[in-house]
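Geometric and topological summary
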Amino acid sequence: LGARLAPPTPSGSGGSGRSVASHLTPRGGVGVGAMSRRERGPESGPGGAEVAAEDAEPESPDQCLSLLPWDRFSAWLHCVCVVGFDLELGQAVEVIYPPHSKLTDKEKTNICYLSFPDSNSGCIGDTQFCFRFRRSPGRKVSLSCFLDQLDRDLPVYLKKDSAYYYGYVYFRQVRDKSLKRGYFQKSLVLISKLPYVHLFRTMLKQIAPEYFEKTEAFLEAVCSDIDRWPPPVPGKVLQLPIMGLIMKLRIPTYRDKPGTTPIVQNMHQADAQISMALPTIHEVDLFRCFCPVFFHIQMLWELVLLGEPLVVMAPSPAESSETVLALVSCISPLKYCSDFRPYFTIHDSEFKEYTTRTQAPPSVILGVTNPFFAKTLQHWPHIIRIGDIKLPGEVPKQVKVKKLKNLKTLDSKPGVYTSYKPYLNKDEEIIKQLQKGVQQKRPTEAQSVILRRYFLELTESFIIPLERYVASLMPLQKCISPWKSPPQLRQFSQDDFMKTLEKAGPQLTSGLKGDWIGLYRHFLKSPNFDGWFRSRQKEMTQKLEALHLEALCNENLVFWSQKHTEVETVDLVLKLKNKLLQADREHLPVSTDTLKKLQTHINDIILALPDDLQDILLKTGT
């Protein structure tokens, strides 16, 4: 199998043969073929939606493993917390459900402080927001293999990051004279690794008001309902019962066409349960979030794409968290690879790390509400100051980018404070289109669809040339030999890539003028490029391994073994067994038939050997 042989040099441009890249469609990324069309056909649903045809159903997860009590719950949530205010202790976790859920002291402290708005926010009544915090390392998950299997089918921007938890909060603060403090203050918090913001927000809206009026038994009943949910399988229409209501939704897959939202049909229930179809599980109201910085959307897209340090200063956690999530989503279908904190406080365990002046600000997007940050983060290069988010009743007036030195306090006027000069010329068309929508009182959902499509086309125009160049790094099909190690990918060369832009650059799909070359040079140094390229490299390497496996299966291995010594044949069997293990361990994109064929080859070779060797090889795993 040639593990000892040096891999052959891939053919260059002069070589003939078909490029392996033709086999390759990026998982959860953006495909060259999928995106090189400038015009898309009209979608069948409103706002670029398509009626969901259920994808080819994967093997039922229930057949994959026997689920233990709380396993179904754990597939969606880590735990549910109730955080209250104690006069002596301050914020404290009062309840964790299920009781066996483990949180470290550091995690509990973070949850306590992040579950309450800063005192200056003045949030009276009910407030919903979300936060994100680092997980303590070293904890194992009983369902990790199963959940990884589901994770593989997700678009890259929805894949969970095992180093972080999300906290989804429903906070209530109302006057109560019977309490010493004069106020009832409590938060119901869902802790999850899943970034399904809209789903958990909708769920909290249903259960939290009722929970505040009832006892812990109600929370127990909610958790029991969740433990009956089907696993979060991408591509299937799921029905999730929660306290008499059925939420119907579909988790996107990496196969979905970017920019389309399949419609989940709201079917009538035979019984008395009310059904609610969720149009999305993760999207925020993009237009509403970007309203305060309406004229700077393109510049903000550049700052997020380049992984620049960004602070969102807002009057409340609701506004800060929604704006941060909107910023992160504006480069979709690219994944934002740096850290982001929808709501960040001075008590956060990373506060010192992120606010130190001894080094340059890190690549992170922070959402803050405490006035203290106006002073602490004064040295940050890009600051977005937003007031209360209200949809404009009239056309917003042109707002200039403000100089950083003018940002003295959190009471400074709303706007973007930066000295950054955008690489691309401003797209006046999108501004006019959205302004016209405001004049015509177009629904905010429709405005968000227009804005999301604009960001998508901008990101695709930017990433297509990179996808095309990286696909050219794949060796040619003829370089794959069953008797040699799989060929290596060619190295990424910034100079070679830049040369391709003259004929196959973003000008093919975007009419925007500007310094695209400068934007690419800056992007190639960013964490977003690093994350994107690593992901593509891994996919392409796995594809080469899979094609190598197929090449092996098409050989007459028994005939080969008869012409070689027993030592060489045993060596081949062990290597083939390792190939099978690798295919399973790394989830290589190979068909079940190919794996069965390879196993048959192994069995046939073993049966042709002497009995003593057969016994040893049949018992040997690797």
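Residues numbered from 1 in each chain as written. Predicted model: local features only at pLDDT ≥ 70, side-chain atom pairs only at ≥ 80, totals over all residues. Heavy atoms only, no water.

**Looking at the overall build of the protein chain**
When helices and strands are counted, the protein chain shows 21 helices and 13 strands. Counting only residues that meet the buried cut, the protein chain has 53% of its 622 residues in that class. Carbon and sulfur atoms make up 52% of the accessible area of the protein chain, which totals about 29200 Å². (Helix = DSSP H or I, 4+ residues; strand = E, 2+ residues; numbered from the N terminus. Buried < 20%, exposed > 50% of the residue type's maximum accessible area, 1.4 Å probe, protein only. Areas by Shrake-Rupley, 256 points an atom, 1.4 Å probe, with all protein chains shown as cover.)

**Quick notes on the side chain of Asp-256**
With respect to the secondary-structure elements, Asp-256 resides in the loop between strand S7 (245–250) and strand S8 (274–277). At 2.9 Å, the side chain of Asp-256 and the side chain of Arg-250 are in polar contact. (Polar contact = N/O pair within 3.5 Å; in protein donor to acceptor, adjacent residues only side chain to side chain.)

**Details of helix H14 (residues 444–471)**
Between its first and last C-alpha atoms H14 spans 39 Å; for 28 residues at 1.5 Å apiece the expected length is 40 Å, and the two agree. At Ile-463, H14 shows its largest bend, some 35°, and a proline, Pro-465, comes one to four positions later. (Expected span 1.5 Å × (residues − 1). Bend = angle between axes of the 7 residues up to and from the residue.)

**With respect to the packing of aromatic side chains**
Enumeration over the complete set of coordinates arrives at 37 aromatic pairs. Here Tyr-166 and Tyr-168 contribute two aromatic rings whose centre-to-centre distance is 5.9 Å and whose plane-to-plane angle is 10°, an arrangement assigned as stacked. Taking relative accessible area as the criterion, Tyr-166 reaches 9% and is therefore assigned buried. Between Phe-497 and Tyr-520 the ring centres are 5.3 Å apart and the planes differ by 80°, which places this aromatic pair in the edge-to-face class. Linking Phe-497 in helix H15 (residues 494–504) with Tyr-520 in helix H16 (residues 516–523), this pair joins segments that are 23 residues apart in sequence. Given a relative accessible area of 0%, Phe-497 falls into the buried group. Classification of Tyr-520 by relative accessible area gives buried; the value is 0%. Ring pairing ties together the aromatic residues Trp-301, Phe-462, Tyr-469, Phe-492, Phe-497, Tyr-520, Phe-523, Phe-529, Trp-532 and Phe-533, which thus form one cluster. We note Arg-132 situated over the ring of Tyr-164; from NZ or CZ to the ring centre the distance is 3.9 Å. (Phe/Tyr/Trp six-rings, centres within 6.5 Å; stacked < 30°, edge-to-face > 60°. Lys NZ or Arg CZ within 6 Å of the ring centre and 35° of its normal.)

**What to know about the nonpolar core**
Counting residues in each nonpolar core, the largest one holds 113 residues, and the members touching the most others are Trp-76, Phe-290 and Leu-466. In terms of residue count, H14 provides more of this core than any other element does, 10 residues in total. Filtering out sequence-adjacent residues up to four positions away, Leu-466 remains in contact with Phe-492, Phe-497, Tyr-520, Phe-523, Leu-524, Phe-529 and Trp-532. Grouped together as the second largest cluster of nonpolar side chains are 22 residues, Val-590, Ile-602, Ile-605 and Ile-606 included. (Core = buried A, V, L, I, M, F, W, Y, C linked by side-chain atoms within 4.5 Å. Contact = heavy atoms within 4.5 Å.)

**Observations concerning the sheet that holds strand S13 (residues 415–418)**
If you trace the five strands from one edge of the open sheet to the other, you get S10-S11-S9-S12-S13, paired in mixed fashion. Among the strands making up the open sheet, the edge pair consists of strand S10 (339–341) and S13. Between one strand and the next, the sheet's axes are offset by a mean angle of 15°, whatever the strand orientation. Strand contacts of helix H9 (residues 297–305): strand S9 (310–313), strand S11 (364–368), strand S12 (382–385) and S13, with the helix running at about 50° to S13, the strand carrying the most contacts. Contacting S9, S10, S11 and S12, helix H10 (residues 317–329) runs over the sheet at an angle of about 160° to S11. (Pairing = 2+ DSSP bridges. Axes fitted to C-alpha atoms, helices over the stretch in contact; angles between N-to-C directions.)

**A short note on the environment of Asp-584**
Topologically, Asp-584 is positioned in helix H19 (residues 566–585). Asp-584 sits 11 residues away from Leu-595 along the chain, and the two C-alpha atoms are 9.4 Å apart.

**Describing the pattern of salt bridges**
Applying the stated criterion to the full structure yields 23 salt bridges. Salt-bridge contacts for Arg-341 lead to Asp-348; the nearest nitrogen and oxygen are separated by 3.5 Å. Just as Arg-341 is buried, Asp-348 falls in that class too. (Salt bridge = Lys/Arg side-chain N within 4 Å of Asp/Glu carboxyl O.)

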